[in-house]
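Residue-level structural notes
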Amino acid sequence: MKSVPARQVTYPLAVLLLLAFLPHPSLAQEQYPNKAAHILIYVIEASNEGKGVDPQIQHLVKEFRGALRYSSYELVSKIPRRLEPGEKEEVKLPGHREMQLRMQGYEGNRISLKVEIKEKADKGRHREVLNTEFRIIEGGTIMIGGYEYHGGKLLIAISAK
Amino acid sequence: MKTACERVRELLGRFHDNELQDDDYQVVVEHLHACGECSREMAKLERISDVVKKHYETISSSEDFSGVWARIAPDMEGLASDSHPWWRSFGRIFWRPRSLWATAAAVAVALVLLFAYLPNTQKPAVAANDCIIDKVESENSSVMVYETDETKMKIIWVIDQQNGDTVQEGVTS
């Protein structure tokens, strides 16, 4: 078999490797997109008093049902929000609670959010019952729960995309 | 021992091609002036040479060698000088049929590296609900964070101690 000079292989290989190491334009765009996030908040009442799952949240309950064992899941409210990076929004929750949601920006394909939940305490004061920051993948959902509500528990599912 | 004629006739071919050293050339010239037989031999050699030359010219004039030269010329220039532009030699590598397999192999190796090994291009497989929790705080409550097995959904569960919550009856693990 006829031998091929090494440079005939080396030159194209070197050029292609160089191209491979260059930052990919689509990755660069993903890194710091300055776009708004669409947040969808599901406020759900979970209890053992009834049976069944609200058809509007069946897709959601299917995702966390393995971890929670309530017999009934009812949608209390569904709150859509559109938040620009740095923008914050207050959302009223049942039981004299309010949730402050702040969109902190994108990190790659993750959306960084800060969530503060406050509850009305004595003498008109509010106490902070939760302060959390997380980075959720686009299209993902996180669940916050445990608050007393009508003999059951209040669940707050936050989806971001 | 060789005679003068025999020695001169051995030199006639090179004499005709003008390849002799000065002293041999002089010997042949003087001998041809003096020897009629060798002069005739020399004339015969010149006639044969003329016939061959004319025949070659007839053939070569009917052939077109311009295309051959056009193909040879760039290589000749490349060999004559190393200062030709890099893109020209690079282009030749790609366009020569004999290097096609080598180019294809190089492309294949580069693609394998690009999609399989380079960290910049690798996107790790992540669950649809993948979430990194950086901070969880509560003033008066305990907080439990866990994840569902299959869907990898993070659940932040607040245990309200002020209201006397102890065991979370709905939580499985």
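Structure report, in brief. (Residues numbered from 1 in each chain as written. Chains lettered and ligands numbered in written order. Predicted model: local features only at pLDDT ≥ 70, side-chain atom pairs only at ≥ 80, totals over all residues. Heavy atoms only, no water.)

Residues and elements named next belong to chain A. Counting through the fold element by element, Arg97 comes out in strand β5 (residues 97-107). Given the relative accessible area of 7%, Arg97 is considered buried. Of the polar contacts made by the side chain of Arg97, one reaches the backbone oxygen of Pro94; its length is 3.2 Å. Ignoring sequence-local partners within four residues, the contact set of Arg97 consists of Val91, Lys92, Lys118, Glu119, Tyr147, Glu148 and Leu154. (Helix = DSSP H or I, 4+ residues; strand = E, 2+ residues; numbered from the N terminus. Buried < 20%, exposed > 50% of the residue type's maximum accessible area, 1.4 Å probe, protein only. Polar contact = N/O pair within 3.5 Å; in protein donor to acceptor, adjacent residues only side chain to side chain. Contact = heavy atoms within 4.5 Å.)

What follows deals with the environment of Gln56 of chain A. Looking at the secondary structure, you find Gln56 of chain A in the loop between β2 (52-53) and α3 (58-64). Taking C-alpha positions, Gln56 of chain A is 9.9 Å from Tyr42 of chain A, a pair spaced 14 residues apart along the chain.

Moving on to the pairing of strand β2 (residues 141-147) of chain B. Residue and element names in this part refer to chain B. Both β2 and strand β3 (residues 154-160) contribute to a ladder of 7 bridges, which runs antiparallel. Its bridge partner being in β3, Val145 is matched across the sheet by Ile156. Linking β2 to β3, which pair antiparallel, is a turn of 6 residues; within it Lys152 sits at a positive phi near 60 degrees. (Pairing = 2+ DSSP bridges.)

All names here are of chain A. Applying the stated rule across the entire model yields 3 aromatic pairs over all chains. Taking 6.4 Å as the distance between ring centres and 90 degrees as the angle between the ring planes, the aromatic pair formed by Tyr70 and Tyr73 counts as edge-to-face. The buried category is assigned to Tyr73, whose relative accessible area is 0%. One aromatic cluster is present, formed by Phe64, Tyr70 and Tyr73 through successive ring pairs. (Phe/Tyr/Trp six-rings, centres within 6.5 Å; stacked < 30°, edge-to-face > 60°.)

Read across the sheet, 7 strands follow the order β2(A)-β3(A)-β1(A)-β9(A)-β8(A)-β3(B)-β2(B) without closing on themselves; strand pairing throughout is mixed. Of all strands in the sheet, those bounded by a partner on one side alone are β2 of chain A together with β2 of chain B.

All names here are of chain B. A cluster of nonpolar residues, Phe65, Val68, Trp69, Ile72 and Met76, forms a patch on the protein surface that exposes about 510 Å² of accessible area. Mapping Val68 onto the fold places it in helix α4 (residues 66-80). When its relative accessible area of 36% is taken as the criterion, Val68 is described as partly exposed. (Patch = residues over 30% accessible without salt bridge, like charges linked within 9 Å, V, L, I, M, F, W, Y side chains within 5 Å. Areas by Shrake-Rupley, 256 points an atom, 1.4 Å probe, with all protein chains shown as cover. Salt bridge = Lys/Arg side-chain N within 4 Å of Asp/Glu carboxyl O.)

Turning our eyes to something else, we now look at the nonpolar core. Formed by 31 residues in total, the largest nonpolar core has its most connected members in Ile117 and Ile158 of chain A. Other than its neighbours up to four places away in sequence, Ile117 of chain A contacts Leu93, Glu98, Met99, Arg127, Glu128, Val129, Leu130, Ile144, Tyr147 and Ile156 of chain A. Grouped together as the second largest cluster of nonpolar side chains are 21 residues, Ile44, Ile57 and Leu75 of chain A together with Trp157 of chain B included. (Core = buried A, V, L, I, M, F, W, Y, C linked by side-chain atoms within 4.5 Å.)

Residues and elements named next belong to chain B. Put simply, helix α1 (residues 4-16) and helix α3 (residues 36-62) touch, their axes get as near as 10 Å, and they point 25 degrees apart. Between α1 and α3, the angle falls in the class roughly parallel. Of the two possible hands of crossing, α1 and α3 adopt the one that is right-handed. Taken together, the residues of α3 that come into contact with α1 (itself represented by Cys5, Arg9, Leu12, Gly13, Phe15 and His16) are Glu37, Cys38, Glu41, Met42, Leu45, Glu46 and Ser49. A class-by-class count of the residues in the contact of α1 with α3 yields 6 nonpolar, 3 polar and 4 charged. (Axes fitted to C-alpha atoms, helices over the stretch in contact; angles between N-to-C directions. Parallel < 35°, antiparallel > 145°, perpendicular 65-115°, else oblique. Left-handed = near helix turned anticlockwise from the far one by under 90°. Nonpolar A, V, L, I, M, F, W, Y, C, P; charged D, E, K, R; others polar.)

In this section: the pairing of strand β8 (residues 141-149) of chain A. Within β8 of chain A, 8 of the 9 residues are buried, which leaves the element mostly enclosed by the surrounding structure. Taken together, β8 of chain A and the strand that follows it, strand β9 (residues 152-160) of chain A, pair antiparallel across an intervening segment of 2 residues, in which His150 of chain A is found at a positive phi of about 50 degrees.

To continue, consider unusual backbone geometry. Leave glycine aside and you will find that most residues have negative phi; peptide bonds, for their part, are mostly trans. Residue and element names in this part refer to chain A. Even without glycine at this site, His96 takes up a positive phi of about 55 degrees. Checked against the element boundaries, His96 lands in the loop between β4 (88-93) and β5. By relative accessible area, which is 62% here, His96 ends up exposed. Residue His150 is not a glycine yet carries a positive backbone phi of 50 degrees.

Residue and element names in this part refer to chain B. Running from N to C, α1 and helix α2 (residues 22-34) cross one another at 115 degrees; their axes reach a closest spacing of 10 Å. The element α1 and its partner α2 pack so that their crossing is left-handed. Across from Ala4, Cys5, Arg7, Val8, Leu11, Leu12 and Phe15 in α1, the residues of α2 making contact are Asp24, Tyr25, Val27, Val28, Val29, His31 and Leu32.

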